[in-house]
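Remarks on the overall topology
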Amino acid sequence: MASGDGNPTINDRVINQPQDGLFDVSLIVNGVTRTAWVPARRLLSDCLRHDLRLTGTHVGCEHGVCGACTVLLDGVAVRSCLMLAVTADGARITTVEGLTRPDGTLSPVQQAFADCHGLQCGFCTPGFLTAITAALEENPEPSPEEAREIIGGNLCRCTGYQNIVKAVLRAAELRAAPDQVDTS
Amino acid sequence: MKPPPFGYSRPESVAEALAALGSAAPDGKVLAGGQSLLPLLNMRLATPAYLVDINALTELGFVRIDDGEVVIGALARHAQVLADPATSRAQPLIGQALALVAHPVIRNRGTTLGSIVHADPAGEMTAVLALLGGSVLLAGSSGERLVKAEDFFLGPLESDVRPDELATEVRLPVLGRRAGCAFAEVSRRHGDYAVCGVAALAELDEAGGVSLARAAYLSVAGTPLVLDLTEAGGDPASAGRLAKSRVAPAADIHATAAYRRHLAGVLTERALAGALAHARERAGG
């Protein structure tokens, strides 16, 4: 248990008995190491929002259907509502807050959403942005069909998706030609 | 909603995991990808007293071809199996089915063996295991046992894994040289659970005749249903009619029984036609 005695490894903290039912979880969130004491049942989404006060990650359905809570776990897009914070212990997490560059410039995907009107109320947007960011890393030049597959696991109740598909394709263009990003 | 309280450990070896499951039995539960378990916990449909998180058992994150079988470890994620070129070559049905499992983001986390152990009647990989006649290796405190596909599924969401056992790998036979396979399903929305789905396997004899035609069904029975359709003589349309007469699906909120039976016929025809074309292509090549 990490109660100040020595420097236990991440796994020592988790597999040993928790302290008062709480586990010491350490996450590298958007490049910064963050720690929190959480019960085993704390969802990663709630750990990010409540314990770490990163409320950019939105929670919609809490059973993996809507995609609003999508974050990147070691670079891979996952549902943060379908993962326990204790399971994520030691992982690198990227939330929507981490997509923006340190100087505040929007990422290509964020810029593309602004350019193409890819959002209205914005509730679902963090999940789209993270899922698309990871997908473009894997497939930098998606076809319109592939763009639809990329966003197939995310629900949006406002836009009708057409402008989000456009934003996926626009984001791919912006990634390929970064000098166009700062056109806003 | 949020999960109910439970005890938790993240063992670093299979032996530790088995010890944890043994002491928690019968109220322990294995947490692997969590893409089915976490929704059940969040909705409080499942209330295990203790979770044994196997995500640190990275030695179980393998996919390999071994002695005529594709062997998938308990921590291999759907996305990893789907992207494995050797698996696609050895048994194309696995990739055909995995492409239909939920959405890419779910496949990034969900494990292939986990979805089989979960034994959802709508699960694509349960049908693949049943159709190919594979097996699941279970580790327990008293040693290992290998359970054949036909004995593995006991009922909806119930597989033959005892509370103190951990499923460590699934073994799926590779596709024969003169064999082909295909998967067809219909769902209300892209990536949703299938209203009905069919995995088909066809084998040709040396003369090019159909020596075997078999299909497995999801969402039409409590456990994966496998039908031998060889007597249809390789005619997909008559195989479809045969299948339609042999399934007895139930109605639910998603579809009537009659619609499911209709889909079973149509999808049998489509999947078997695909499997036969695939087999002819492979036998010819």
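All figures in this text were calculated on a predicted structure; none of them were measured in a lab.

1. Focus: the packing of helix H3 (residues 108-116) of chain A against helix H4 (residues 125-138) of chain A
Residue and element names in this part refer to chain A.
- Between H3 and H4, the shortest axis-to-axis distance is 9 Å and the interhelical angle comes to 125°. Taken together, H3 and H4 sit at an angle that is classed as oblique. The interaxial crossing formed by H3 with H4 has right-handed handedness. Contact with H3, carried on its side by Val109, Gln110 and Phe113, involves Thr125, Leu129, Ile132, Thr133 and Leu136 of H4 and no other residues of that element.
- By residue class, the composition of the contact of H3 with H4 is 5 nonpolar, 3 polar and no charged.

2. As for the interface of chain A and chain B
- Each partner contributes residues to the interface: chain A has 23 residues there, and chain B has 29 residues.
- Breaking the side of chain A that touches chain B down by element, the ones donating at least two residues are helix H1 (10-15) and strand E4 (76-79) of chain A.
- For the side of chain A that touches chain B, the element with the highest residue contribution is E4(A), accounting for 4 residues.
- Per-class residue counts for the side of chain A that touches chain B are 12 nonpolar, 8 polar and 3 charged.

3. Remarks on the environment of A:Leu106
All names here are of chain A.
- Mapped onto the elements, Leu106 comes out in the loop between strand E5 (92-94) and H3.
- With 19 C-beta atoms packed within 10 Å, Leu106 lands in the partly exposed category.
- If near-sequence neighbours (up to four positions away) are discounted, Leu106 is found in contact with Thr100, Gln111 and Ala114.

4. Describing the pairing of strand E12 (residues 194-204) of chain B
Residue and element names in this part refer to chain B.
- Burial analysis of E12 places 11 of its 11 residues in the buried class, the great majority of the element.
- Two strands pair when backbone bridges link them, and strand E11 (residues 179-187) and E12 are joined in this way by 9 bridges, in the antiparallel orientation. Within E12, the residue paired with Ser187 across the bridge is Ala194.
- Remark: 6 residues form the turn of the hairpin made by E11 and E12, two consecutive strands paired antiparallel; Gly191 in that turn has positive phi of roughly 90°.
- The antiparallel hairpin formed by E12 and strand E13 (residues 210-218) contains 5 residues in its connecting segment, where Gly208 sits at a positive phi of about 90°.

5. A word on the sheet that holds strand E2 (residues 32-38) of chain A
Residues and elements named next belong to chain A.
- Within the open sheet, the 5 strands sit side by side as E2-E1-E5-E3-E4. Their pairing is mixed. The open sheet has two free edges, formed respectively by E2 and E4, since each of these has just one partner strand. Across the sheet, the mean angle from the axis of one strand to that of its neighbour is 40°, orientation sign disregarded.
- Both strand E1 (residues 23-29) and E2 contribute to a ladder of 7 bridges, which runs antiparallel.

6. Quick look at the nonpolar core
- By size, the foremost hydrophobic cluster in this structure holds 149 residues, and its most contacted members are A:Ile132, B:Val128, B:Ala199, B:Ala200, B:Ala215, B:Ala271 and B:Leu272.
- Not counting chain neighbours up to four residues away, the residues in contact with B:Ala199 comprise B:Leu93, B:Ala97, B:Ala127, B:Val128, B:Leu131, B:Phe183, B:Ala215, B:Ala216 and B:Ala271.

7. Considerations on the domain arrangement of chain A
All names here are of chain A.
- Domains assigned within chain A are domain 1 (10-98) and domain 2 (108-176).
- Each of domain 1 and domain 2 has a C-alpha centre, and these two points are 24 Å apart.
- Between domain 1 and domain 2, the residue contacts involve 15 residues of the former and 11 residues of the latter.
- Secondary structure elements with two or more residues in the side of domain 1 that touches domain 2: strand E3 (70-73) and E4.
- The element best represented in the side of domain 1 that touches domain 2 is E3, accounting for 3 residues.
- By residue class, the composition of the side of domain 1 that touches domain 2 is 8 nonpolar, 7 polar and no charged.

Conventions used here
- Residues numbered from 1 in each chain as written.
- Chains lettered and ligands numbered in written order.
- Predicted model: local features only at pLDDT ≥ 70, side-chain atom pairs only at ≥ 80, totals over all residues.
- Axes fitted to C-alpha atoms, helices over the stretch in contact; angles between N-to-C directions.
- Helix = DSSP H or I, 4+ residues; strand = E, 2+ residues; numbered from the N terminus.
- Parallel < 35°, antiparallel > 145°, perpendicular 65-115°, else oblique.
- Left-handed = near helix turned anticlockwise from the far one by under 90°.
- Contact = placed C-beta atoms within 7 Å.
- Nonpolar A, V, L, I, M, F, W, Y, C, P; charged D, E, K, R; others polar.
- Buried ≥ 20, exposed ≤ 12 C-beta atoms within 10 Å, placed from the backbone.
- Pairing = 2+ DSSP bridges.
- Core = buried A, V, L, I, M, F, W, Y, C linked by C-beta atoms within 7 Å.
- Domains from an automatic or database assignment.

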